[in-house]
Amino acid sequence: MFLLAIKSLLRFAEGRFRVLVQSDGTLTEADVTAIHTHLPGIEIWTPQDTKRNILEKLPDDLAYAVEPGKANLFVLYQFLLTFFLASNFEKVIHLDSDVVFPYEPRHILNWSAQGGKGFHFPGGNNLHAAFVALGITGNRVNTNGFNAGVFGLESNNSFDTHCLELLRKIITEAPELMCRWETAQALIALTLDQSSGSVPLNGEFGERVATGWSTQEAVTAATVIHFVGTTRFRNWYYPTIANRICKELGI
């Protein structure tokens, strides 16, 4: 799925992006070989690589949080790595492996070249109420309408400060939230809210988006589709689109 996700985007922007894969630890040697064959020069970080890079920037009082058993490490790794990478690069686009680009995402490509306000896939977050209860709400980016399957951000010097403040608050006041994978999505939205801002892909940004639950008309027209969970097999949308893209790529 990852190869389809990234190659469906790169076919419209060859040589434009530096690609980093964040492995969850399940990639086999054969998987890694296949990825390098399809995408020469790509970087693949193991969980150990990710942890090491995070610890280089994580303050001592929060370092314990990345140890097994303290939290859902996916939460920390996705959340922290996103913003720490943004400190090293001009722009960062995060892409889940269950996303495909059936057609050219013109607005995303324009953003990658020209910059501007960040973007995100529209959606929901069932932890919205929990964050509201803690007094953490977004003024410009609504956590209840933010999906981290696809989002882009420009580098901002305030990222580190904002994301670490939020992390401290959650660990101190509601540590149970650190065991929920949705927490990363909410924390990303809230950090963007307090720094650079972000707009939905299908709003003023202008892309056509869909999910596995969308109508056939929406799926057929979409430039970006996020196939969450088993919805990718609804009406055979994902296999049909994947087959077409693979034929276009000659694979």
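Up top is the structure these notes are about.
Residues numbered from 1 in each chain as written. Predicted model: local features only at pLDDT ≥ 70, side-chain atom pairs only at ≥ 80, totals over all residues. Heavy atoms only, no water.

Peer 1: Outline the sheet that holds strand β5 (residues 118-122), listing residues and values.
Peer 2: The strand order β3-β6-β5-β7 describes an open sheet built from four strands, whose pairing is mixed. At either margin of the open sheet sits one strand with a lone partner, and together these are β3 (91-95) and β7 (198-200). Direction aside, the axes of adjacent strands within the sheet are offset by 20 degrees on average. With three bridges joining them, β5 and β7 adopt parallel strand pairing. Across the sheet, residue phenylalanine 119 finds its bridge partner in β7, namely valine 199. Of the strands in this sheet, β6 (146-154) and β7 are in contact with helix α9 (residues 182-194), which crosses β6 at around 35 degrees. (Pairing = 2+ DSSP bridges. Helix = DSSP H or I, 4+ residues; strand = E, 2+ residues; numbered from the N terminus. Axes fitted to C-alpha atoms, helices over the stretch in contact; angles between N-to-C directions. Contact = heavy atoms within 4.5 Å.)

Peer 1: Can you explain the side chain of threonine 223? Please cite residues and give values.
Peer 2: For threonine 223, the position within the fold is in the loop between α10 (216-221) and β9 (224-226). A distance of 2.7 Å separates the side chain of threonine 223 from the side chain of glutamate 207, its partner in a polar contact. (Polar contact = N/O pair within 3.5 Å; in protein donor to acceptor, adjacent residues only side chain to side chain.)

Peer 1: Before we move on, could you go through the sheet that holds β9 and cite the residues and values that matter?
Peer 2: Taken in spatial order, the three strands of this open sheet run β4-β9-β8, and their pairing is mixed. This sheet does not close on itself; its edge strands, each paired only once, are β4 (99-100) and β8 (209-211). Sheet topology places β8 next to β9; three bridges connect them, and they run parallel. Of the residues in β9, the one forming a bridge with alanine 210 is isoleucine 225.

Peer 1: Before we move on, could you go through the packing of aromatic side chains and cite the residues and values that matter?
Peer 2: Counted by the stated rule, this structure contains four aromatic pairs. Pairing tryptophan 111 with phenylalanine 119 gives two aromatic rings, centres 5.0 Å apart and planes at 90 degrees, and the pair type is edge-to-face. Phenylalanine 119 shares its class with tryptophan 111; the two are buried. When the centroid spacing of 6.0 Å and the interplanar angle of 50 degrees are considered together, the rings of phenylalanine 146 and phenylalanine 151 count as tilted. Classification of phenylalanine 146 by relative accessible area gives buried; the value is 0%. Linked through ring pairs, Trp111, Phe119 and Phe205 together constitute an aromatic cluster. Here the basic side chain of arginine 244 rests over the ring of tyrosine 103, its NZ or CZ set 4.7 Å away from the ring centre. (Phe/Tyr/Trp six-rings, centres within 6.5 Å; stacked < 30°, edge-to-face > 60°. Buried < 20%, exposed > 50% of the residue type's maximum accessible area, 1.4 Å probe, protein only. Lys NZ or Arg CZ within 6 Å of the ring centre and 35° of its normal.)

Peer 1: Got a sec to walk through the layout of surface pockets? Specific residues and values, please.
Peer 2: For the second largest pocket, the calculated volume is near 250 Å³. If you trace the second largest pocket, you find 13 residues lining it, with Leu10, Gly15, Phe17, Val19 and Leu39 closest to the centre. Split by residue class, the lining of the second largest pocket holds seven nonpolar, two polar and four charged. (1 Å grid on protein atoms, 1.4 Å probe; cavity = no way out; pocket = protein on both sides within 12 Å on 5 of 7 lines; lining within 4 Å. Points joined across faces, edges and corners; volume = space filled by probe spheres on them. Nonpolar A, V, L, I, M, F, W, Y, C, P; charged D, E, K, R; others polar.)

Peer 1: Lay out the packing of helix α1 (residues 2-10) against helix α11 (residues 237-249) with the relevant residues and their values.
Peer 2: Where α1 meets α11, the closest approach of the two axes is 11 Å, and the angle between their N-to-C directions is 55 degrees. One finds that α1 runs oblique with respect to α11. Our pair here, α1 against α11, has a crossing hand that is left-handed. Residues Leu4, Lys7 and Ser8 of α1 form the contact with α11, whose own contacting residues are Tyr238, Ala242, Ile245, Cys246 and Leu249. (Parallel < 35°, antiparallel > 145°, perpendicular 65-115°, else oblique. Left-handed = near helix turned anticlockwise from the far one by under 90°.)

Peer 1: How would you explain the environment of leucine 190 if you had to name every residue and give the values?
Peer 2: Locating leucine 190 in the fold gives a position in helix α9. Between the alpha carbons of leucine 190 and leucine 166 there is a distance of 8.2 Å; along the sequence they are 24 residues apart.

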